[in-house]
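# Descriptive analysis of the structure
Here is how the chains run, residue by residue.
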Amino acid sequence: MDFTQRIFAYLKFQQLLTDLHGEPFEEFFHRLMGALYPDYVPVRTHGRLGDMGADGLLLFDRTLHAVYAPETHDIPAFRTKLRSDLDKALAKRNGHFDTFAFVYNDARGGVHPHVSVLLSEVQEEIRPLRMAVRGKQWLWQEFMRLDRATAEDLLGCPIPIDERTYGIGLADLEPLLRQLRQRKESAEPLAEVPVVNQHKIEYNRLTDDVRETLVKALRHSYLVDEYYDGITRVDEHDLVARGFRIYFDQLRETTSDPEELWLGLEMYVVGNARVTHRATWAAAVVIAHFFERCDVFDVPPSGWAPTTIGEL
């Protein structure tokens, strides 16, 4: 899918997620996972056995999924359901999984602070097993990996091929972009760009224009860390980073040109509509941040350094 098709699919996906509850959501999850993972096994309830604390199992990476999709969300119900499914899984499937993934359909996204505390408590209790919570952003990132025909099948509608204009690319970044635009004039740039980033810039052979934009943006990338340090949704940063990695990998299937890759990432952040200079600056800061985290573009091999004039 190209950019406009992906945004159309995202809007439809958001609406679908809002409307799916109970068994329909569980069925959607099974179809999504089955399309992506040949080793995914859906678990059906069977008599007195029930589902033994699981709705689906990934055999290869030993991840057990429990699905929760109520029409309304509240913390006590979330806690009760999580504890119930986890206790059953530990009692009846202990030794069969390494990660317990709790999948839920809250279209608002992110993890409530009280839920994050609960997850931390549970993680400490079940070590060395791992605990994961997978909501809207994770589900969309998995959906984003589908081919167009499969995506249309899951959405229940065709994805149009005509060019459309969207004023925002990644809606989950809108609050961050707004804060960056507000901070533009008052933020102080860092004095230097870390040396590791300099090597990475050279290794990826960025054009002069892209290099100049990136270097300037890197001096403000700390603002993105400040933003994520200040929000209560503890998993948001890692989920957005994962989305960037998935999207960048897909971009590289269509082009290897560094400038086209940069423009594709910029569109991913702010959309394909005309935007202000301040919005373009904010997008560059966001891309620079995930460049610095090594979520986009290639990392130089250990010990690499430019050795020829063409690499300087």
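The paragraphs below set out a description of the structure included in this document.

Reading the values: the criteria
- Residues numbered from 1 in each chain as written.
- Predicted model: local features only at pLDDT ≥ 70, side-chain atom pairs only at ≥ 80, totals over all residues.
- Heavy atoms only, no water.
- Helix = DSSP H or I, 4+ residues; strand = E, 2+ residues; numbered from the N terminus.
- Contact = heavy atoms within 4.5 Å.
- Areas by Shrake-Rupley, 256 points an atom, 1.4 Å probe, with all protein chains shown as cover.
- Pairing = 2+ DSSP bridges.
- Axes fitted to C-alpha atoms, helices over the stretch in contact; angles between N-to-C directions.
- Salt bridge = Lys/Arg side-chain N within 4 Å of Asp/Glu carboxyl O.
- Parallel < 35°, antiparallel > 145°, perpendicular 65-115°, else oblique.
- Nonpolar A, V, L, I, M, F, W, Y, C, P; charged D, E, K, R; others polar.
- Left-handed = near helix turned anticlockwise from the far one by under 90°.

### Focus: the overall build of the protein
When its secondary structure is counted, the protein shows 13 helices and five strands. Here the analysis covers contacts within the protein between residues at least 6 apart in sequence; of these, 75% occur between residues at least 24 apart. For the protein, the accessible surface area stands at approximately 15700 Å², while carbon and sulfur atoms represent 51% of it.

### With respect to the sheet that holds strand E2 (residues 56-58)
With mixed pairing, five strands are arranged side by side in an open sheet as E1-E2-E3-E4-E5. This sheet does not close on itself; its edge strands, each paired only once, are strand E1 (40-42) and strand E5 (130-134). When strand polarity is set aside, the average angle formed by the axes of neighbouring strands in this sheet is 20°. In this structure, E2 lies alongside strand E3 (residues 63-68), joined through three bridges in antiparallel fashion. Across the sheet, residue leucine 57 finds its bridge partner in E3, namely leucine 64.

### Some words on the pattern of salt bridges
Within the structure shown, the criterion is met by 16 salt bridges. Its salt-bridge partner being aspartate 153, residue arginine 31 comes within 3.0 Å of it at the nearest N-O pair. With arginine 31 in helix H2 (residues 22-36) and aspartate 153 in helix H6 (residues 148-155), this pair connects stretches of sequence that are 122 residues apart. Residue glutamate 202 is joined to arginine 211 by a salt bridge in which the shortest nitrogen-to-oxygen separation is 4.0 Å.

### Side note on the packing of helix H11 (residues 236-251) against helix H13 (residues 277-292)
Orientation of H11 relative to H13, taken along the N-to-C sense of each, is 90°, at an axis distance of 11 Å. In this view, H11 runs roughly perpendicular relative to H13, as classed from their interaxial angle. Facing H11, whose interface residues are His237, Val240, Ala241 and Phe244, H13 presents Val286, His289 and Phe290. Looking at side-chain class alone, the contact of H11 with H13 contains five nonpolar, two polar and no charged residues.

### What to know about the packing of helix H1 (residues 3-19) against helix H5 (residues 136-143)
One can describe the packing of H1 onto H5 by two numbers: an axis separation of 11 Å at closest approach and a directional angle of 135°. One finds that H1 runs oblique with respect to H5. Relative to H5, H1 is oriented so that their crossing is right-handed. Contacts between H1 and H5 involve Arg6, Ala9, Tyr10, Phe13, Gln14 and Leu17 from the former and Lys136, Leu139, Trp140 and Phe143 from the latter. Broken down by class, the residue content of the contact of H1 with H5 amounts to seven nonpolar, one polar and two charged.

Remember, this is a structural readout, not a statement about activity or role.
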